[in-house]
Amino acid sequence: MAQDPKYALPTYTPTARAFHWLIALLIFIQFPLGFYMSYRGNEMPSVNEKGEPVKGVWDALTGYLYSSHKLLGLIVLTLVVLRLLYRLTQGAPRSDPTVPPALTGISHLVHWALYALLIAVPVLGYLAISYGDFLDIFNFRLPMLTVKNDDLSKEIFEWHELGAFLIIGFVTLHIIAAVYHYFVRRDRVVERMIPKRVA
Ligand code: HEM
Ligand code: HEM
């Protein structure tokens, strides 16, 4: 990846940084949205038409939250595929030479695990709604890619949830690493993603 002359050290290009921060922002919205809508749809106490207590509220707001989650998830999938294509063709700035090779190796593992999960989780989400026939999104219907199979849908939703928790775990590690580089090692790794301009 070419070095941007406006910055004093090799940084990610503006395109790579735009992908990184846009995907990070959408992921930070997608998690609370996913947990809250799932709570409303499956757990929130309510009463049925006979006045009996039931779990789950399927009103307009719940439907709107589910549609938003599916739409946002498909946007994340598209952006991650584009970002990976860009990453594989344009590369990344060379690693900071002051960082021990073992740390660099671990950070690369975390980055590639994140890319894999950011593809797998939305694909599993789509497969689960396809097997379960929950394809409504706002006033549209997404294409059905599979036959209907409720058991498989339930199982894939479990994988979707597990993958989502793995993303939370790796993103937490990733943010701890950024804090460590910035405040403890005081190196310039974070500046590769949030660069300081040279005058
Ligand atoms: C990177 C993208 C995505 C992330 C991080 C994500 C994350 C989550 C999370 C955290 C939950 C709540 C899990 C629970 O408490 O049960 C969830 C549920 C769900 N997700 Fe996603 N999701 C993503 C993409 C998608 C996509 C693309 C679809 C479908 C097109 C989708 C469909 C669903 C559905 C229908 C549920 C509700 C399951 C239920 O009610 O039990 N997700 N997702
Ligand atoms: C406050 C939040 C975040 C901070 C401070 C941050 C910081 C950084 C920094 C400094 C790098 C460059 C590391 C290096 O050059 O060795 C980086 C790369 C990366 N970040 Fe983040 N990040 C954040 C959130 C996220 C999130 C939420 C995701 C995933 C959803 C993510 C995924 C990645 C990936 C995959 C790379 C590797 C880029 C590549 O070389 O292709 N980051 N991040």
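Each remark here, short or long, concerns the structure printed above.
Residues numbered from 1 in each chain as written. Chains lettered and ligands numbered in written order. Predicted model: local features only at pLDDT ≥ 70, side-chain atom pairs only at ≥ 80, totals over all residues. Heavy atoms only, no water.

The iron atom of ligand 1 binds to the protein through H69 (NE2) and H160 (NE2), with metal-donor distances spanning 2.0 Å. Every donor counted, the six donor atoms about the iron atom of ligand 1 form angles of 86 to 180° at the centre, which fits octahedral coordination. Taken as a pair, H69 in helix α2 (residues 60-90) and H160 in helix α4 (residues 150-185) lie far apart in primary sequence, 91 residues in all. H69 gets classed as buried once you look at its relative accessible area, which sits at 14%. (Donors = N, O, S within 2.8 Å, 3.2 Å for Na, K, Ca; no water. Tetrahedral: all angles 85-135°; square planar, octahedral: opposite > 155°, others 65-115°. Helix = DSSP H or I, 4+ residues; strand = E, 2+ residues; numbered from the N terminus. Buried < 20%, exposed > 50% of the residue type's maximum accessible area, 1.4 Å probe, protein only.)

With that out of the way, let us pick up the site of ligand 2. What surrounds ligand 2 is a group of 20 residues, the closest being H20, R87, Y115, H174 and R192. One of the side-chain nitrogen or oxygen atoms of Y12 is found 2.7 Å away from an oxygen atom of ligand 2. The side chain of H174 places a nitrogen or oxygen atom 2.8 Å from a nitrogen atom of ligand 2. Contributing elements (two or more residues each) for the shell around ligand 2: α1 (14-42), α2, α3 (101-132) and α4. Of the residues in the shell around ligand 2, the class split is 14 nonpolar, three polar and three charged. (Near = heavy atom within 4 Å. Polar contact = N/O pair within 3.5 Å; in protein donor to acceptor, adjacent residues only side chain to side chain. Nonpolar A, V, L, I, M, F, W, Y, C, P; charged D, E, K, R; others polar.)

With 36 residues, α4 ought to run about 52 Å at 1.5 Å a step, and its terminal C-alpha atoms sit 51 Å apart, in line with that. Contacts from the buried residues of α4 go to α1, α2 and α3. Positive backbone phi, at 50°, marks R186, one or two positions downstream of α4. (Expected span 1.5 Å × (residues − 1). Contact = heavy atoms within 4.5 Å.)

Within the structure, ligand 1 sits among 23 residues, and S38, N42, Y66, H69 and H160 are positioned closest to it. The contact in question runs from an oxygen atom of ligand 1 to an N or O atom on the side chain of Y66, over 2.6 Å. Contributing elements (two or more residues each) for the shell around ligand 1: α1, α2, α3 and α4. Broken down by element, the shell around ligand 1 gets its largest block of residues, eight residues, from α1. In terms of residue class, the shell around ligand 1 is made up of 13 nonpolar, eight polar and two charged.

One finds I23, I27, V80, L118 and I167 to be the most contacted residues of the largest nonpolar core, which totals 23 residues. Counting residues per element, the ones that place at least two in this core are α1, α2, α3 and α4. Excluding anything up to four places from it in sequence, I23 contacts L79, V80, R83 and L118. Grouped together as the second largest cluster of nonpolar side chains are five residues, Y126, I129, I137 and L142 included. (Core = buried A, V, L, I, M, F, W, Y, C linked by side-chain atoms within 4.5 Å.)

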